[in-house]
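Descriptive structure summary
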Amino acid sequence: MVSIKDIAARCNVSAATVSKSLNGHRDISQETRMRVCQTAHQMGYLPNSAARALKTNRTYNIGVLFVDKTHSGLRHEYFSTVLDSVKVEAERLGYDITFISQNIGQRPMSYYEHCRYRGCDGVVTASIDFKDPGFLELVESDIPVVTIDHVFNNRTAILSDNIKGVRDLVLYIHQCGHRKIALIHGENTSVTQKRMASFYRTCEELEIDVPEAYVRQAFYHDPRSSGRATRELLALADRPTCIMYPDDFSFIGGMNEIEKAGLHIPDDISVTGYDGIYLSQVLRPRLTTLRQDTDGLGREAVERLVEMIEHPKTALPRQVLVEGELLEGGSVKKL
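Quick look at the structure, then.

About the thresholds
- Residues numbered from 1 in each chain as written.
- Predicted model: local features only at pLDDT ≥ 70, side-chain atom pairs only at ≥ 80, totals over all residues.
- Heavy atoms only, no water.
- Disulfide = S-S within 2.5 Å.
- Helix = DSSP H or I, 4+ residues; strand = E, 2+ residues; numbered from the N terminus.
- Salt bridge = Lys/Arg side-chain N within 4 Å of Asp/Glu carboxyl O.
- Pairing = 2+ DSSP bridges.
- Axes fitted to C-alpha atoms, helices over the stretch in contact; angles between N-to-C directions.
- Contact = heavy atoms within 4.5 Å.
- Core = buried A, V, L, I, M, F, W, Y, C linked by side-chain atoms within 4.5 Å.
- Buried < 20%, exposed > 50% of the residue type's maximum accessible area, 1.4 Å probe, protein only.
- Expected span 1.5 Å × (residues − 1).
- Arc of directions from axis to C-beta.
- Phe/Tyr/Trp six-rings, centres within 6.5 Å; stacked < 30°, edge-to-face > 60°.
- Lys NZ or Arg CZ within 6 Å of the ring centre and 35° of its normal.
- Right-handed = clockwise from strand over helix to strand, strands pointing away.
- Parallel < 35°, antiparallel > 145°, perpendicular 65-115°, else oblique.
- Left-handed = near helix turned anticlockwise from the far one by under 90°.
- Nonpolar A, V, L, I, M, F, W, Y, C, P; charged D, E, K, R; others polar.

On to the state of the cysteines, then. Inspection of the entire model under this criterion finds 0 disulfides. A disulfide-free cysteine, cysteine 203 has its sulfur positioned 10 Å from the sulfur of cysteine 242, the nearest such atom.

Shown next as structure tokens:
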């Protein structure tokens, strides 16, 4: 392995000069700095992470806390794209990522203990039970934490603009002539609360009456529960002309129930999804949905976290809204 001393010998300068050149110190001439850096690159020099940690008091390691209730893991289409963006942005800024859990081998430990064990400079959290005592211990600790899609006690949060997203969908459905609009929502989370409030508020502005029977609860990323809710909506004497689903994947359960009832999309009933995953765009008819900016969510989360890590005295808690995009498919009939 190439060392600083090897580079110093090749360049005929001191080890201190090499160290300063590699770290961009201004008391080294630009000519020397460029020669040292070029030589280091040619020799395949890589800085020692342990040495860098001692010098900077940082490990350049970001923890990722992701607990998926549906047990889809990294196969979860929406969160996998968010986490991929987290990985790309972390690497761009010179950080590695470590997935945080409550177990190391056979040894149980809290999220906080795992972060300390791995020396995480900070943590990005997504899809977690925000009432979990283990999470509360972590977020109340001295480790910087950024949450995705949840606001917690004046901490920095990166939020998909669910209020605008649902509003855009309802406005589009209304423009297509629909007045009987049903909503299947996910479990009771801050995301669900915002979506439901936006749904009712937008319908009220448009003077659309929403019968209580038109609003059904299911679970995110769960076709079975959405299928059950769809079956209940189709059984109504005055059934809706359009059903909004909590996410694109859950729509599959609704699609199966609609087909079982002998109905066709969008001729007999219209539907919309949410998330804009790849699956939604290969279905026929193509699903009208709201594509969330997963790249933007992951990128913003890492940028804000690194700001907290590297500038702890000046970084302020903030809530960053990331807008999505309406994807007009062929699943909403123009009445």
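On to the environment of methionine 34, then. Relative to the helices and strands, methionine 34 resides in helix H3 (residues 30–43). Separated by 10 residues in the primary sequence, methionine 34 and glycine 24 place their C-alpha atoms 9.8 Å from one another.

Once that is clear, we can look at the pattern of salt bridges. Applying the stated rule across the entire model yields 19 salt bridges. A salt bridge links arginine 92 to glutamate 89, with the shortest nitrogen-to-oxygen separation between them at 2.7 Å. Of this pair, arginine 92 and glutamate 89 are both found in helix H5 (residues 77–92), 3 residues apart, which corresponds to roughly one turn of the helix. By sharing partners, the salt bridges in this structure join Glu300, Glu303, Arg304, Glu307 and Arg318 into a single network.

This next bit is on the sheet that holds strand E11 (residues 270–272). Reading across the sheet, the 4 strands line up as E9-E8-E10-E11 and stay open at both edges, with parallel pairing between neighbours. Edge strands, defined here as strands with exactly one partner in the open sheet, are strand E9 (215–217) and E11. Going from strand to strand, the sheet's axes swing by 20° on average, the running direction of each strand aside. With 3 bridges joining them, strand E8 (residues 181–185) and strand E10 (residues 242–244) adopt parallel strand pairing. Residue pairing for E10: leucine 183 is matched across the bridge by methionine 244. The sheet strands contacting helix H8 (residues 162–175) are E8, E10 and E11, and the helix crosses E10 at an angle near 175°. Seen against the sheet, helix H9 (residues 190–205) touches E8, E9 and E10 and runs at an angle of roughly 170° to E8.

If you look at the biggest cluster of nonpolar residues, it comprises 34 residues, and the most contacted ones within it are Phe199, Met244, Phe251 and Ile258. Secondary structure elements with two or more residues in this core: H8, E8, H9, helix H10 (223–234), E10 and helix H11 (248–260). Setting aside chain neighbours within four positions, we find methionine 244 in contact with Val166, Leu169, Val170, Ile173, Ile181, Ala182, Leu183, Ile184, Phe199 and Thr272.

What follows concerns the sheet that holds strand E6 (residues 145–148). Note: strands within a sheet are paired through backbone hydrogen bonds, in either parallel or antiparallel orientation. One open sheet holds the 6 strands; their spatial order is E2-E1-E5-E6-E7-E13, and the pairing between them is parallel. The strands lining the two open edges of the sheet, one partner per strand, are strand E2 (96–99) and strand E13 (319–322). Neighbour-to-neighbour, the strand axes of the sheet open up by a mean angle of 20°, direction not taken into account. In terms of strand pairing, E6 meets strand E7 (residues 157–160) through 2 bridges, oriented parallel. Note that in E7 the partner of isoleucine 148 across the bridge is isoleucine 158.

Here H8 is 14 residues long and its end C-alpha atoms lie 20 Å apart, about the 20 Å a rise of 1.5 Å per residue gives. For H8, the complete set of buried residues consists of Asn162, Gly165, Val166, Leu169, Val170, Tyr172, Ile173 and His174. Of the residues trailing H8, glycine 177 is marked for its positive phi of about 100°.

On to helix H1 (residues 4–11). When H1 is considered as a whole, its buried residues turn out to be Ile7, Ala8 and Cys11. One side of H1 holds all its buried residues, which, seen down the axis, span an arc of 100°. Across from the buried face of H1, at angles greater than 90 degrees, the exposed residues are Lys5, Ala9 and Arg10. Buried residues along H1 sit against helix H2 (15–22) and H3. Among the residues trailing H1, asparagine 12 stands out with phi positive, at a value near 60°.

Throughout the structure, instances matching the rule amount to 4 aromatic pairs. Aromatic pair phenylalanine 199 and tyrosine 200: ring centres 5.6 Å apart, planes at 65°, arrangement edge-to-face. Relative to phenylalanine 251, the ring of tyrosine 245 has its centre 5.4 Å away and its plane inclined at 70°; by these criteria the two rings are edge-to-face. Across the pair, phenylalanine 251 and tyrosine 245 agree in class, each one buried. One residue, arginine 195, lies across the ring of tyrosine 274, its end atom 3.7 Å from the ring centre.

The side chains of a regular strand alternate between both faces of the sheet. Across the 5 residues of E8, 5 count as buried, placing the element largely inside the fold. Burial along E8 is two-sided: the residues Ile181, Leu183 and His185 and Ala182 and Ile184 are all buried. As defined by bridge partners, E8 adjoins E9 across 3 bridges and the pair is classed as parallel. Within the sheet, the bridge partner assigned to leucine 183 lies in E9 and is valine 215. As for the winding sense of the linkage, the β-α-β connection from E8 through H9 to E9 is right-handed.

It is worth spelling out the packing of H1 against H3 at this point. Contact geometry for H1 and H3: axes closest at 10 Å, N-to-C directions at 120°. Taken together, the axes of H1 and H3 lie oblique to each other. As for how H1 packs across H3, the hand of that crossing is right-handed. Two secondary-structure elements touch here, H1 through Asp6, Ile7, Arg10 and Cys11 and H3 through Arg35, Val36, Thr39, Ala40 and Met43. Of the residues assigned to the contact of H1 with H3, the class counts are 5 nonpolar, 1 polar and 3 charged.

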